[in-house]
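Listed below, chain by chain, are the residues.
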Amino acid sequence: MTEPRAFLGVESSALGRRWVGPDVARDRQAEAIWQATNLPPAVCAILARAEVAPETAQDYLTPSLRALLPDPRGLKDMECAATRILQAVTGRERIAIFADYDVDGACSAALLLDWLAALGRGATLYVPDRLTEGYGPNAPAMARLANDHDLIICVDCGTMAHEALAAATQADVVVLDHHLGGETLPPALAIVNPNRQDEDGGLGHLCAAGVVFLLLVEANRQGRGQGIQGPDLMTLLDLVALATVADVAPLLGVNRAFVRQGLKVMASRSRPGLRTLSDIARLDSAPRAYHLGYVIGPRINAGGRIGAADMGARLLATRDEAEADAFATRLDLLNTERREIEAAVRASALAQAETRGTDSPLAWAAGDGWHPGVIGIAAARLKEATNRPAVVIALEGEIGKGSGRSVPGVDLGAAIHRLVREGLLLAGGGHKMAAGLTVARDGLEAAMDRLAELLAQQGAGNEGPRSLRLDGALMPGAVTPELVAQLEAAGPFGASAPAPRFALANMRIENPRRMGDTHLRFRCNGGDGTRLDVICFGAFDSPLGPLIAARQGRNLHLAGQVEINFWGGRQTPQLRLEDAAIPRDTG
């Protein structure tokens, strides 16, 4: 297949990227949408990218949960799970919730705790310690919980926990999960998971909180048949939205509706934990998907990474203002500590991977003393730096615990499962874009060599030069608050739905000024009398800062995302710069 021409002729930008714009077919689709809707061409370009038909464009811009929500009973074991949980509620049985320690696990647990509280019931929350217990159910903890409870609900974990679930002999176990399942399922009363091998995969894009929400829909339905009025589930969508974005679930189908509606719920500031955490994080505008993934999510994750594992779930579930303030303050401090630890591990991992060579299908690094709580973030950064699937492993004694992140089109979870079956890993699991593993120190090199081989078979390492995909070009005068709002309506944006990125061609650079140590702000002039403010975060940590500072009064091609800057009570449009290039005809 012929490689598309570089957009604006940019073969290698300031960051070494090749700019790629829409192809002819997408331009034609955008034109058809414009003719049918009269929406701004920039919005039509985003709809065309999402393969929206002209006749369905307006429906796409207003995703309805009523229209997109699947029938929960389409998932195996769903009716059984809902019936058993409802039975525990009406019978006033002792319930325990075993949750994973990440944002998805915390949100899933808080969903159940909220729903139970609305029905006058409580539950014991158990979140394993990342360092001493590791991921997922373990046999000692499950045995203890089973001795004191009638029902254990495992959320965001449990699908591969054969030994641990077998230890819960004194209680029924229900699993609500989304991680890839194996050829056999562990012993449990019900395992609701769209990624079981005997499911058709049609709902495989749901995170665990999405699965829990469907469970609550079914439980409310069954409850109405028994004269039990369950809570309004729409008020819980802030939790589903947060988990969906933070767990990097594809923003497709019902996930779009979950996030769109959930952001509206979050904007009402009715949940004490999220309200307090947003205030501490200085979130002074209506929340967007970006804030869930990069502002709120990391702070909730911090407890599970380097502090109290259950703090995130308790923050989300509490209705006590003082408790919410205490939890949020502690999580914010832990997040600051997490960033410092992560920076050291990230730098070491990148240096090691570069020494090993980044032309392999897999970028990986391992080190003694690395904190297991930050290796997932370090793997994500290594993936971004190398444009390849990445694994970072914390070694302690003769065992290494690793976390991996993948790139689109490469199923890391399936490869990790294969290594477990081949005996090269002690344990492992996950999904397409993220996975965890446990490996013996003396088998580390062999396992990583085999993983690289399996990923190469899926096309990893063939990406070529990194590209920056752009949705078209804009002039400064076209970037208005109204356009930004209309682009937001085509979202939410995140996994499988990248935020819109546009180029501004031949912009004259005016008044570049440094902000703090690394940031840069300036204004660009389109030559037609229109100007636009530009912000570049971390500019002086990359070649962008020196380039722009040296181009005062001269032209550059700019690329990034358009947004609204909220400052001093004013709302002004701006470009958040991601890349720049010197026009070929100016030098």
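Right above here is the structure, for reference.
As a convention, each chain's residues are numbered from 1 in the sequence order in which they are written. pLDDT decides what is reported in this predicted model: residues at 70 or higher carry local features, side-chain atom pairs at 80 or more are listed and counted, and totals for whole chains, interfaces and linings draw on all residues regardless. No hydrogens and no water enter the side-chain calculation; it runs on all heavy atoms of the structure.

### Focus: the layout of surface pockets
Its volume calculated, the second largest pocket comes out at about 380 Å³. Sorting the residues of the lining of the second largest pocket by element identifies helix 4 (65-68) and helix 9 (208-225) as the ones contributing at least two each. Take the lining of the second largest pocket: its biggest share by element is four residues, from helix 9. Its residues assigned to classes, the lining of the second largest pocket shows seven nonpolar, three polar and three charged. A cavity, in this analysis, means grid points on a 1 Å lattice covering only the protein atoms where a 1.4 Å probe fits yet has no way out; a pocket is instead an open set bounded by protein on both sides within 12 Å along at least five of seven lines, and a residue lines either one if it has an atom within 4 Å of a point. Grid points are joined across faces, edges and corners, and a volume is the space filled by probe spheres set on the points. A run of H or I in DSSP counts as a helix once it spans at least four residues, and a run of E counts as a strand once it spans at least two, with each numbered from the N terminus. In this classification, Asp, Glu, Lys and Arg are treated as charged, Ala, Val, Leu, Ile, Met, Phe, Trp, Tyr, Cys and Pro as nonpolar, and every other residue, Gly included, as polar.

### Digging into helix 10 (residues 237-246)
Buried residues are those whose accessible area, probed at 1.4 Å on protein chains only, stays under 20% of the maximum for their type, while exposed residues exceed 50% and partly exposed ones sit between those limits. Counting buried positions over the 10 residues of helix 10 gives nine, a clear majority of the element. Listed as buried for helix 10 are L237, D238, L239, V240, A241, L242, A243, T244 and V245.

### Describing the state of the cysteines
Only a pair of cysteine sulfur atoms within 2.5 Å qualifies as a disulfide here. A full pass over the atoms with the stated rule returns zero disulfides. Sulfur of C107: no disulfide; nearest cysteine sulfur belongs to C207 and is 7.8 Å away. In this structure C107 comes out as buried when scored by relative accessible area, which is 0%.

### A closer look at the sheet that holds strand 8 (residues 390-396)
Pairing in this open sheet of five strands is mixed, and the strands run 7-8-9-11-10 from one edge to the other. For this open sheet the edge positions go to strand 7 (363-368) and strand 10 (427-430), each flanked by a neighbour on one side alone. On average, each strand axis in the sheet is inclined to that of its neighbour by 15°, with strand direction left out of account. Sheet topology places strand 9 (residues 399-405) next to strand 11 (residues 434-440); seven bridges connect them, and they run antiparallel. Across the sheet, residue G400 finds its bridge partner in strand 11, namely V439. Packed onto the sheet, helix 16 (residues 375-386) meets strand 7, strand 8 and strand 9 and runs at close to 50° relative to strand 9. Only strands joined by at least two bridges in the DSSP assignment are considered to pair. The angle between two axes is taken between their N-to-C directions and runs from 0 to 180 degrees, where each axis is a line fitted to C-alpha atoms and a helix contributes only its stretch in contact. Contact definition: two residues touch when any of their heavy atoms are within 4.5 Å.

### Focus on empty space enclosed by the protein
Taking a probe equal in size to a water molecule and rolling it over the atoms shows the remaining empty space. By the definition in use, this model includes one cavity of 30 Å³ or more. Reported here for the largest cavity is a volume of approximately 40 Å³. Every residue lining the largest cavity is listed: D100, Y101, D102, A106, V127, I300, A309, D310, G312 and A313. A per-class count over the lining of the largest cavity returns six nonpolar, one polar and three charged.

### Brief notes about the packing of aromatic side chains
Centre-to-centre distance and the angle between the planes together describe a pair of aromatic rings. Between rings of Phe, Tyr and Trp, where Trp is taken as its six-membered ring, a pair exists when centres lie within 6.5 Å; planes separated by under 30 degrees are stacked, by over 60 edge-to-face, and by other angles tilted. Tallied over the full model, the rule gives three aromatic pairs. Their ring planes at 75° and their centres at 5.4 Å tell us that F213 and F258 sit as a pair that is edge-to-face. Of this pair, F213 sits in helix 9 while F258 sits in helix 11 (residues 254-267); the two residues are 45 residues apart in sequence, bridging distant segments of the chain. In this structure F213 comes out as buried when scored by relative accessible area, which is 2%. A relative accessible area of 0% means that F258 is categorised as buried. Counting as a charge over the ring demands two things of the Lys NZ or Arg CZ atom: a distance within 6 Å of the ring centre and an angle within 35 degrees of the ring normal. Against the face of Y60 rests R256, its NZ or CZ located 3.6 Å from the ring centre. Lying over the aromatic face of Y290, R576 brings its terminal NZ or CZ to 5.1 Å of the ring centre.

### Some remarks on the pattern of salt bridges
A side chain with one charge can pair with a side chain of the opposite charge if their charged atoms come near. Between Lys or Arg on one side and Asp or Glu on the other, a salt bridge is scored when a side-chain nitrogen of the former is within 4 Å of a carboxyl oxygen of the latter. Within this structure, the stated rule accounts for 31 salt bridges. In this structure, the salt-bridge partner of R576 is E563, at a minimum N-O distance of 2.8 Å. Here R576 is found in strand 17 (residues 570-581), whereas its partner E563 is found in strand 16 (residues 555-567), with 13 residues between them in sequence. You'll find R576 and E563 in the same group, each marked buried.

### As for the pairing of strand 9
As judged from the seven bridges shared by strand 8 and strand 9, these two strands associate in the antiparallel manner. Bridge pairing in strand 9 places A394 opposite K401. As consecutive antiparallel partners, strand 8 and strand 9 are separated by two residues, and within that stretch G397 has a phi angle of approximately 65°, a positive value.

### Topic: helix 15 (residues 321-356)
Given a rise of 1.5 Å per residue, 36 residues ought to cover 52 Å, and the 51 Å separating the end C-alpha atoms of helix 15 matches this to within 8%. Among the residues making up helix 15, those that are buried are A324, F327, A328, L331, D332, L334, N335, R338, E342, V345, A349 and A353. As for helix 15, its buried residues are in contact with helix 12 (272-280), helix 13 (289-306), helix 14 (311-317), strand 7, helix 16 and strand 8. The residue sitting at the N-terminus of helix 15 and contributing the capping side-chain oxygen is D320; that oxygen lies 3.1 Å from the backbone nitrogen of A322. Multiplying one less than the number of residues by 1.5 Å gives the expected span of a helix. Polar contacts here mean pairs of N or O atoms no more than 3.5 Å apart (in protein, one a potential hydrogen donor and the other a potential acceptor; neighbouring residues in sequence count only if both atoms are side-chain atoms).

### Digging into the pairing of strand 8
In terms of burial, strand 8 is largely enclosed, as six of its seven residues are buried. Handedness of the strand 7-helix 16-strand 8 crossover: right-handed. Crossovers are marked right-handed if the path from the first strand over the helix to the second runs clockwise, as seen with the strands pointing away from the viewer.

### Some details on the sheet that holds strand 3 (residues 124-126)
Strand order in this open sheet of five strands is 3-2-4-5-6, and the pairing throughout is parallel. Both edges of this open sheet fall to strand 3 and strand 6 (190-192), since each of them pairs with a single strand only. Going across the sheet, the axis of each strand differs from the next one's by a mean of 15°, ignoring polarity. Note: strand 5 (residues 172-176) against strand 6, three bridges, orientation parallel. Considered in strand 6, the bridge of V174 is made with A190. Packed onto the sheet, helix 6 (residues 103-118) meets strand 2 (95-99), strand 3 and strand 4 (151-155) and runs at close to 160° relative to strand 2.

### Structural notes on the nonpolar core
Take the buried Ala, Val, Leu, Ile, Met, Phe, Trp, Tyr and Cys residues and link them wherever side-chain atoms come within 4.5 Å; each set so joined is a nonpolar core. Among the nonpolar cores identified, the biggest contains 83 residues, and W115, V155, L176, L216, L242, I300 and L316 are the most heavily contacted of them. Element by element, the count of residues in this core is highest for helix 6, at 10 residues. The contacts of L316, once residues within four sequence positions are left out, are A106, C107, A110, L239, L242, R271, L274 and I300. Counting 41 residues, the second-largest nonpolar core is a separate cluster that includes A42, L483, C524 and A580.

### Quick notes on the packing of helix 10 against helix 13
In contact at an axis separation of 9 Å, helix 10 and helix 13 are set at 90° when each is read in the N-to-C sense. Put simply, helix 10 runs roughly perpendicular to helix 13. Between helix 10, through A241, L242 and V245, and helix 13, the contact on the second element is made entirely by A289, L292, G293, I296, G297 and I300. To sort the angles, those under 35 degrees are grouped as roughly parallel, those over 145 as roughly antiparallel, those from 65 to 115 as roughly perpendicular, and the leftovers as oblique.

### Remarks on the side chain of D114
On the secondary structure map, D114 appears in helix 6. Within the structure, D114 has its side chain in polar contact with the side chain of R319 (distance 3.3 Å). Leave out the neighbours within four places in its chain, and D114 touches L236, L239, R271, A317 and R319.

These figures capture arrangement, not role.
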